Amino acid sequence: MNRNAYKVPFFAEANRVRATLDMEHHEALLLYIGHWRDEIEEQHSLTYEPVNAVWQVGLETGVHFEMRQLENINGKNFVPHYTGKVVYETEIALAERACVLELGEAYEIVDAFLNDIPIGSRQNTPYRFDLSHEAVKGKKRLRIEVTTSCARDLKRRDSATFGRSMSATVYNALPPGGLLGPIRVGYAIEKGVRDDET
C-alpha cells in the first residue's frame, strides 16, 4: 500500500467534480480522478494529542541547552547568527493507534528519528511523518534534526553584505530558525468511537 495515497471524498455535479483538500503552505498534491487500485485506504479520522516535553538541544558548535518551550533558535534569547544543524531530543510515550507525527513550524530542513530509526525527511510544510507502519507503542526517544538557513552566516561575504544593507533587512526579513512547533501526535479514531469519547 502506498502510505501517501488516500481516497478523497468528492462531489460530482453537472459535469464537475468538487473535492475539499486541506493543504499546508508550500505543500503540493497530485489529485488523480478515475479508477485506482483497491489497496488505497480511505483517509481516516484522527484525534490529536500535543507533545509537551522538555527538549535537549544541541548545536554543531558544541553548545547544548534545555528548552521547556520551543522557540526561535535565532531569537535574541539564543544564537541570532547561528546557521547549521540544530538537534532536538526528548522522550515521548506513544499509544498503539499512533498514525502521524506533526511538527508544526520548522525552519528549514527536518529529519526525524524514533529510537535512532529514521522516520522521514522534509524540506517544507507540512512537517508530517507517517507512524502507521512503525512499531511505535511505548516510550520512544524522539530526535528532530533541523538544518537552518545559511542567510545569517556573517562569515559569508554575500550574507555580510546582506546584513549591512538597511533596505535588504526591511524588505527581506529573515525567517526564524529551528523547530517552533506545536508538535502533536495524531491517533486513529476507532470505528464506533466518537471524538468526544477519546
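The numbers attached to residues start from 1 for each chain and follow its sequence in the written order. Only residues with pLDDT of at least 70 are given local features in this predicted model, and only at 80 or more are side-chain atom pairs given and counted; all residues enter the totals for whole chains, interfaces and linings. Values reported for side chains reflect all heavy atoms of the structure, with hydrogen atoms and water molecules removed beforehand.

Caption draft 1: Region of interest: the sheet that holds strand E5 (residues 64–67). Whether two strands pair depends on DSSP finding at least two bridges between them. Each helix is a run of H or I in the DSSP string that is no shorter than four residues. Each strand is a run of E no shorter than two, and both are numbered from the N terminus. Here we have six strands laid out as an open sheet, ordered E5-E4-E6-E12-E9-E10, and antiparallel in their pairing. Bordering the open sheet on either side are E5 and strand E10 (117–122), each of which pairs with just one other strand. This sheet shows a mean twist of 20° between the axes of neighbouring strands, independent of strand direction. Summarising the sheet, strand E4 (residues 55–59) and strand E6 (residues 85–94) pair through four bridges and their orientation is antiparallel. Across the sheet, residue Gly58 finds its bridge partner in E6, namely Val87. As a rule, the C-alpha atoms of each element are fitted with a line to give its axis, helices using only the stretch in contact, and angles between N-to-C directions run from 0 to 180 degrees.

Caption draft 2: Seen up close, the pairing of strand E9 (residues 109–114). Alignment of E9 against strand E12 (residues 138–147), held across six bridges, turns out to be antiparallel. Its bridge partner lying in E12, Ala112 is registered against Ile144. Pairing analysis gives five bridges linking E9 to E10, with the strands arranged antiparallel. Each bridged residue has a counterpart across the sheet, and for Leu114 the counterpart in E10 is Ile117. Taking the residues that link successive antiparallel strands as the turn, the E9-E10 hairpin has two residues, and the phi of Asn115 there is positive, at about 50°.

Caption draft 3: Up close: the packing of aromatic side chains. Here a Phe, Tyr or Trp ring, Trp counted by its six-membered ring, pairs with any other such ring whose centre lies within 6.5 Å, and the pair is stacked when the planes are under 30 degrees apart, edge-to-face when over 60, and tilted otherwise. Following the criterion strictly, the structure yields two aromatic pairs and no others. Where Trp55 meets Tyr88, the ring centres are 6.3 Å apart and the plane angle is 85°; that geometry is what we call edge-to-face. Here Trp55, found in strand E4, pairs with Tyr88, found in strand E6; they are 33 residues apart in sequence, far enough to count as distant. The pair formed by Trp55 and Tyr88 is uniform in burial state, with each residue classed as buried. Considering the side-chain rings of Phe65 and Phe78, the 5.4 Å spacing of their centres and the 25° angle between planes classify their relative orientation as stacked. One end of the pair, Phe65, is in strand E5; the other, Phe78, is in the loop between E5 and E6, and 13 residues separate them in sequence. Two conditions define a charge sitting above a ring: the NZ of Lys or the CZ of Arg must be within 6 Å of the ring centre, and it must be within 35 degrees of the ring normal. Over the face of the ring belonging to Phe113 we find Arg143, whose NZ or CZ atom lies 3.9 Å from the ring centre. The ring centre of Tyr48 lies 3.6 Å from the NZ or CZ of Arg184, which sits over that ring. Buried, partly exposed and exposed residues are distinguished by accessible area as a fraction of the type maximum, computed with a 1.4 Å probe on protein chains only: under 20%, between the cut-offs, and over 50%, respectively.

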